[in-house]
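Structure at a glance
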Amino acid sequence: MRIGELAERTGTPRRMLRYYEEQGLLASDRSANGYREYGEPSVDRVLQIRGLLDSGLPTRVIKQILPCLKNPRAIHVTDATPETMATLERERDRMTQRIECLLRSRDAISDYVEAVRVN
């Protein structure tokens, strides 16, 4: 499939798909006329990348763990290096901090909404 179809099927702008490719997160073949050609597995790969980005992981970390992802919902790590494990632990801890901050913010907004409704 060409980049336009991949963009449509994944809800990802073409520019972002090109960026994923530049970062080494996504691969394409080139047709004789130079158009990017993607295989069917690229749909799942883009969805994986988007999910990892949405969770707050930077592309440099995503590049490290993509080889461990066998399908969009499973991670299979067979030979993670100590450096990769340390990176993942740091990112997990950073995500936990973000989640805690979001929960505090949500609770503050809820308290405010409730206070306004009472008055």
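Residues numbered from 1 in each chain as written. Predicted model: local features only at pLDDT ≥ 70, side-chain atom pairs only at ≥ 80, totals over all residues. Heavy atoms only, no water.

Observations concerning the nonpolar core
Taken as a class, soluble globular proteins show a tendency for nonpolar side chains to be buried jointly. With 19 residues, the main nonpolar core has Leu 6, Leu 17, Tyr 20, Leu 26, Leu 52 and Leu 66 as its most contacted residues. Tallying contributions element by element places helix α3 (residues 41-54) first for this core, with 4 residues. (Core = buried A, V, L, I, M, F, W, Y, C linked by side-chain atoms within 4.5 Å. Buried < 20%, exposed > 50% of the residue type's maximum accessible area, 1.4 Å probe, protein only. Helix = DSSP H or I, 4+ residues; strand = E, 2+ residues; numbered from the N terminus.)

Things to note about the environment of Gly 51
As for its placement among the helices and strands, Gly 51 is situated in helix α3. Taking the C-alpha atoms as reference points, Gly 51 and Ile 109, separated by 58 residues in sequence, lie 26 Å from one another.

Topic: helix α1 (residues 3-10)
Listed in full, the buried residues belonging to α1 are Ile 3, Gly 4, Leu 6, Ala 7 and Thr 10. Take α1 and look down its axis: the buried residues cluster within an arc of 165 degrees, on one side only. Packed against the buried residues of α1 are α2 (14-22), β2 (36-37) and α3. Gly 11 sits one or two positions beyond α1 and adopts a positive phi of about 70 degrees. (Arc of directions from axis to C-beta. Contact = heavy atoms within 4.5 Å.)

Notes on the pattern of salt bridges
A full pass over the atoms with the stated rule returns 8 salt bridges. One salt bridge in this structure joins Arg 9 and Glu 40, with 2.5 Å as the shortest N-O distance. Note that Arg 9 is positioned in helix α1 and Glu 40 in the loop between β2 and α3, a separation of 31 residues in sequence. By relative accessible area, which is 40% here, Arg 9 ends up partly exposed. By relative accessible area, which is 47% here, Glu 40 ends up partly exposed. The salt bridge involving Glu 91 is made with Arg 60; its shortest N-O contact spans 4.0 Å. Here Glu 91, found in helix α5 (residues 82-118), pairs with Arg 60, found in helix α4 (residues 59-65); they are 31 residues apart in sequence, far enough to count as distant. (Salt bridge = Lys/Arg side-chain N within 4 Å of Asp/Glu carboxyl O.)

Overview of the side chain of Thr 87
Counting through the fold element by element, Thr 87 comes out in helix α5. Aside from chain neighbours lying at most four places away, what touches Thr 87 is Arg 60, Val 61 and Gln 64.

Considerations on α5
Because each turn of an α-helix spans 3.6 residues, side chains separated by three or four positions end up pointing in the same direction. Helix length check: α5 (37 residues) gives 54 Å between terminal C-alpha atoms against 54 Å at 1.5 Å per residue, within 8%. Buried residues along α5 sit against α4. (Expected span 1.5 Å × (residues − 1).)

Considering the packing of α1 against α2
Contact pair α1 / α2: the axes reach a minimum separation of 9 Å and the direction vectors enclose 105 degrees. It follows from the interaxial angle that α1 and α2 lie roughly perpendicular. Only Arg 14, Leu 17 and Arg 18 of α2 make contact with α1, whose side of the interface consists of Ile 3, Gly 4, Leu 6 and Ala 7. Residues of the contact of α1 with α2, tallied by class, amount to 4 nonpolar, 1 polar and 2 charged. (Axes fitted to C-alpha atoms, helices over the stretch in contact; angles between N-to-C directions. Parallel < 35°, antiparallel > 145°, perpendicular 65-115°, else oblique. Nonpolar A, V, L, I, M, F, W, Y, C, P; charged D, E, K, R; others polar.)

Limitation: the analysis is restricted to geometry and does not speak to function.
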